[in-house]
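Listed below, chain by chain, are the residues.
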Amino acid sequence: MIVNAAEALSFPVGGKARALARLGQAFEIPGWFVITPDAFEALSEQDRQKVALGDFAGIILPEPLLTLLGRQLQSLQGGLWAVRSSALDEDGAQASFAGQFDSFLNVPTPEVAAHVLKVWHSGFASRSEAYRKERGMETGQRVPAVLVQKMVQSEVAGVCFSADPVTSDRTRCVISAIQGLGDRLVSGEEDGETYQVLDSGTLEKPSPALLTDAQAREVAALARGCERFFGLPQDIEWAIEKGKLYLLQSRPITTLEEVTWWDNSNIIESYSGVTTPLTFSFASRAYRTVYRHFVRMLGVSDSKIQQNGHVFDVMIGLVQGRIYYNLSNWYHVLGMLPGFSINRKFMEQMMGVSDGMPPELKVQTSSGALQDAFDLSRTVTGLIWNFNTLPGSRARFYARLKKHLGVRKNLSAMSFGQLADHYRKLEAELLNRWDAPLTNDFFAMVFYGVLRQLCSKWLSDAGALQNDLVSAEGQMISAVPAQRLEELAVLLRGNPELLDTFQHGTRNDILTALKAHPNIHRLFHAYLQEFGERCLDELKLESLTLQDEPEVLARMVARLALTPPVHHDARARRDHAEEVARDQLSGWKERVFFWVLKHARECVRERENMRFERTRVFGEARKIFRNMGQQLTRMNLLDDPEDVFHLTVDEVLGYAEGTAFTQNLRELVRIRKAEFKAFQDLPALPRRFRAAGSVYRQSIQQQSSAGLSGTERQGIPCSPGVVRGTVKVVRDPRTVQLSEPTILVAERTDPGWIIVLPLARALIVERGSLLSHSAIVSRELGIPGIVSVPEVTHWLQDGDEVELDGSTGIVRLIQKASHAHPLQEQP
């Protein structure tokens, strides 16, 4: 009937007592014992009924129980006691029962027995019954076990949460402290002082404060220790008596929401601004399928993939119409592979995730030594197999592309059902079989990362040498459009009349005038045929391509013809970098270094080439859905063919395949168009943010600004070269007007920017990574470049004079433009 602390784990003593028994193995706990619920059954039937009604008059505990109770109280030598409940289902991970049962503090020894009856009575209270029913727990009145604990006569006491219970921030401990005993704080009778201790060591406290800085940090450390002990965030009660800290109670925090981190550092290169429902649903389908296949190729078991299916289903999200990586899930996917700490750094480098993994994000990376060894062997085997078969995998991928995209189909002649079938085949044969690009991207990430480490360790390189080594690779499709555009510009310079038409004529004027110039006509239409899908925001299905707007191509060729060409000698820098490496390396180091370099170059080149093929596949999907939009309009289901982009893939296909939830597509589109128009008017969201619970219930705060003052910014160097001159901030490359080559400044670039990159003396980009399109193309074209420069599109304005160093990543502001505010000095 009475169990002491040492025996408690062997008996049904309730959640609170069980937690104290475990905590007592590692922390300083005031002495205690517990009276089990079967002691209540030792009362007579009449006395049990009186307890249930709250009538304690004349009730005396049975003699055996009183004797045991007296012995326990005497052995602990306490003067005052805490008498509280410890119900069998109390203080669990799903329900804390906080405040549902009665607790009594400072109970004198002679009154302990009477207070045991009062705690038993609280088990019959209607509030605890309602609490169980609300949480779907087993109902029925029952008495709790009763915990009797020696009181600490504290000078200061309170509670501490090892995670913020309001924001679910697990990097922040929240302490409430009150003078004397903590009962007034726990009951809500008084508000205590609030302290916040961050993982970074920062302490936020009131002034004056009851706790010293050292005491506040000691309390936070105690709460974190309890969290580590139980494996869950904890809500603890604590007290300080004569300078000594005691742990009184610890229970799980049951109100925490699941925290998700969202980041668009790299994905904004493909999906900038507001994206339509069709594009998001199309991209989401691809991510969830492709990455399941990817980890399977690397040896992750089908059972583990199935267990984590929800993770693969949410690799990206749509927040206020903008696509974000679900960064939490990306790390969880990476955690399925051995070598997480190394792979994580490579992934962050490839994705341009400059802040690294959020400290509060916990990723399960191992299932034990034996299982981890087995998983490692599977992954290594998978890596070796996929590396050796990568050339063949690429060849089969290109063959599938040729088979399905090599023959032009008359989509306008297809029925709605035939278009749906055509899309299903495209998805099955290409979109869901993206194994070669994914495998190649993985090895590009690994080889580029290893090359970076070798350059740093063996050649004392800060990045410039590595960037030169992987530049001017040749056979890269992204560099070809620039060459073709320059060819057209050269021919156009000799035809002033056609040049004027390209500058000012309508689409029909341009297409008609071209017929009188067969050579230019052939090159112009060849460009549209081969690169017409390479438009701004080319992966957004709603984007208009150069095939839709050939006049955009004509305008750009005219600007090139009117601007002196820029020449960069990337090949000479590459050759010099190789000489430096060969001079400093020899023997096995030289062989290893150039083997890694060879595969880094090959994988980076193929990464960009396969991204071009992705553009073609997305272009085919775009054409399919545009034709479906036209047919839905003819069927009087939509008002405009473009409205199809406000439906999801499932909704469009569902109408053809009989799985639609609604046939009122017009009304569905009307609601979405209004909502997404409102998204367009909202300010841009921060690059990274956290959300506790549903992201749609959050008030997303902008990250603190780096400020627009100062004369220097640091970015990631991606293509060497020192350039000084004026800048042009470009937000839409289709409308940029330049009289001479200049330093281009952009928030981000995508392959559609190729129409303006030939005019760049240098490139400064706010977003991006070492393997982003901006970095790869600037290296290939030999354009000095820096990516990931904080807020550069706000810091710089047209006409500002800067000096940039593509080897160090430093941008210096020399002089503000005459129309701008005077240069602010760095504080």
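First, a word on scope: everything that follows refers to the structure included in this document. Numbering of residues starts from 1 in each chain and follows the order in which that chain's sequence is written. A pLDDT threshold of at least 70 governs which residues receive local features in this predicted model, and a stricter bar of 80 or more applies before side-chain atom pairs are shown or counted, although totals over entire chains, interfaces and linings include all residues. Note that water and hydrogens are dropped before the side-chain values are worked out from all heavy atoms of the structure.

### As for the overall build of the protein chain
Link 1 in the chain: Strands here are runs of E lasting at least two residues and helices are runs of H or I lasting at least four, both read from the DSSP assignment and numbered beginning at the N terminus. A count of helical and extended segments in the protein chain gives 27 helices and 23 strands.
Link 2 in the chain: Across the 827 residues that make up the protein chain, the buried fraction comes to 55%.
Link 3 in the chain: Between two residues, a contact is recorded if the distance between any of their heavy atoms is within 4.5 Å. Taking as baseline every contact in the protein chain between residues at least 6 positions apart, the subset at least 24 positions apart corresponds to 70%.
Link 4 in the chain: Only four residue types enter the tally: Lys and Arg on the positive side, Asp and Glu on the negative side, with His and both chain ends excluded. A charge is said to be at NZ when it belongs to Lys, at CZ for Arg, at CG for Asp and at CD for Glu. Distance from the positive charge centre (92 side chains) to the negative charge centre (99 side chains) of the protein chain: 5 Å. For every residue, the accessible area (1.4 Å probe, protein chains only) is compared with the maximum for its type, and the residue is labelled buried under 20%, exposed over 50%, or partly exposed between those bounds.

### Observations regarding the sheet that holds strand β13 (residues 316–319)
Link 1 in the chain: DSSP-based pairing: two strands are paired if at least 2 bridges between them are found. One open sheet holds the 4 strands; their spatial order is β13-β14-β12-β15, and the pairing between them is antiparallel. Bordering the open sheet on either side are β13 and β15 (688–692), each of which pairs with just one other strand. Taken pair by pair, the neighbouring strands of this sheet meet at an average axis angle of 40°, ignoring direction.
Link 2 in the chain: Pairing analysis gives 5 bridges linking strand β12 (residues 259–263) to β15, with the strands arranged antiparallel. Considered in β15, the bridge of Trp 262 is made with Phe 689.
Link 3 in the chain: Taken strand by strand, helix α8 (residues 277–297) contacts β13 and β14 (322–326), and its axis lies near 160° from that of β13. Every axis corresponds to a line fitted to the C-alpha atoms, with the helix fit spanning only the stretch in contact, and the corresponding angles, defined between N-to-C directions, vary from 0 to 180 degrees.

### Comments concerning the side chain of Glu 551
Link 1 in the chain: When you line up the elements, Glu 551 lands in helix α21 (residues 550–562).
Link 2 in the chain: On the accessibility criterion, Glu 551 (19% relative accessible area) is buried.
Link 3 in the chain: Reaching out from Glu 551, the side chain makes a polar contact with the side chain of Arg 507 at a distance of 3.0 Å.
Link 4 in the chain: The residues touching Glu 551, leaving out its near neighbours within four places in the chain, are Arg 507 and Ile 510. Pairs of N or O atoms are called polar contacts if they sit within 3.5 Å, as long as, within protein, a hydrogen donor faces a hydrogen acceptor (for residues adjacent in sequence, only side-chain-to-side-chain pairs).

### What to know about the state of the cysteines
Link 1 in the chain: Note that a disulfide, as used here, is simply two cysteine sulfur atoms within 2.5 Å. Enumeration according to the criterion identifies 0 disulfides in this entry.
Link 2 in the chain: Unpaired in terms of disulfides, Cys 160 finds its nearest cysteine sulfur in Cys 173, a separation of 4.8 Å.
Link 3 in the chain: Looking at Cys 603, it has no disulfide partner, and the nearest cysteine sulfur is the one in Cys 455, 16 Å off.
Link 4 in the chain: Judged by its relative accessible area of 2%, Cys 603 falls in the buried class.

### So, the sheet that holds strand β23 (residues 810–815)
Link 1 in the chain: If you walk across this open sheet you meet the 8 strands as β16-β23-β22-β18-β19-β20-β21-β17, and the pairing is mixed. Of all the strands in the sheet, just β16 (712–714) and β17 (716–719) have a single pairing partner and so form its edges. Each adjacent strand pair in this sheet contributes to an overall mean axis angle of 30°, direction not counted.
Link 2 in the chain: In the sheet, β16 pairs with β23 via 3 bridges, with the strands oriented antiparallel. In the strand pairing of β23, Gln 714 is matched with Ile 810.
Link 3 in the chain: Of the strands in this sheet, β17, β20 (760–765) and β21 (785–787) touch helix α26 (residues 773–781), which is tilted by about 40° from β17.

### Considerations on the packing of aromatic side chains
Link 1 in the chain: To pair, rings of Phe, Tyr and Trp, with the six-membered ring standing in for Trp, must have centres within 6.5 Å; the planes then decide the type, stacked if under 30 degrees apart, edge-to-face if over 60, and tilted in the middle. For the structure on display, the rule yields 29 aromatic pairs.
Link 2 in the chain: With centroids separated by 6.1 Å and ring planes inclined at 85°, the aromatic side chains of Phe 416 and Tyr 655 adopt a geometry described as edge-to-face. Of the two residues, Phe 416 sits in helix α14 (residues 416–431) while Tyr 655 sits in helix α24 (residues 649–657), which places them 239 residues apart along the sequence.
Link 3 in the chain: Relative accessible area serves as the criterion here: at 27%, Tyr 655 is assigned to the partly exposed category.

### Here's the deal with the pattern of salt bridges
Link 1 in the chain: The salt bridge criterion pairs a side-chain nitrogen of Lys or Arg with a carboxyl oxygen of Asp or Glu, the two atoms within 4 Å. In this structure the tally under the stated criterion is 45 salt bridges.
Link 2 in the chain: A salt bridge links Asp 639 to Arg 666, with the nearest nitrogen and oxygen atoms 2.7 Å apart. Taken together, the residues span a long stretch of sequence, with Asp 639 in the loop between α23 (587–634) and α24 and Arg 666 in helix α25 (residues 665–680) at a distance of 27 residues.
Link 3 in the chain: Owing to a relative accessible area of 56%, Asp 639 belongs among the exposed residues under this scheme.
Link 4 in the chain: A single network of salt bridges, built from pairs that share partners, joins Arg 285, Arg 424, Glu 427, Asp 650 and Glu 657.

### Section: unusual backbone geometry
Link 1 in the chain: Residue Ser 207 is joined to Pro 208 through a cis peptide bond whose omega torsion reads -5°.
Link 2 in the chain: Of note in the backbone geometry, Gln 320 takes a positive phi value of approximately 50° without being a glycine.
Link 3 in the chain: In this structure, Gln 320 sits in the loop between β13 and β14.
Link 4 in the chain: In this structure, Ser 460 takes a positive phi of about 55° despite not being glycine.
Link 5 in the chain: You can see Ser 460 is positioned in the loop between α15 (435–459) and α16 (464–469).

### Here we look at the nonpolar core
Link 1 in the chain: Nonpolar cores were defined as sets of buried Ala, Val, Leu, Ile, Met, Phe, Trp, Tyr and Cys residues, with membership established by side-chain atoms within 4.5 Å. If you look at the biggest cluster of nonpolar residues, it comprises 155 residues, and the most contacted ones within it are Phe 282, Tyr 291, Tyr 423, Phe 502, Phe 593, Phe 625 and Met 628.
Link 2 in the chain: Take this core: its biggest share by element is 16 residues, from α23.
Link 3 in the chain: For Phe 625, the contacting residues outside a window of four places in its chain are Leu 278, Phe 282, Tyr 423, Leu 541, Val 644, Val 649 and Val 652.
Link 4 in the chain: By size, the runner-up hydrophobic cluster in this structure holds 33 residues, among which are Leu 211, Ala 223, Leu 245 and Leu 247.

### Thoughts on the side chain of Asn 609
Link 1 in the chain: Along the chain, Asn 609 turns up in helix α23.
Link 2 in the chain: Look at Asn 609 and you get buried, because its relative accessible area is 10%.
Link 3 in the chain: Aside from chain neighbours lying at most four places away, what touches Asn 609 is Tyr 398, Gln 475, Met 476 and Ile 477.

No statement about biological role is implied by the geometric values presented.
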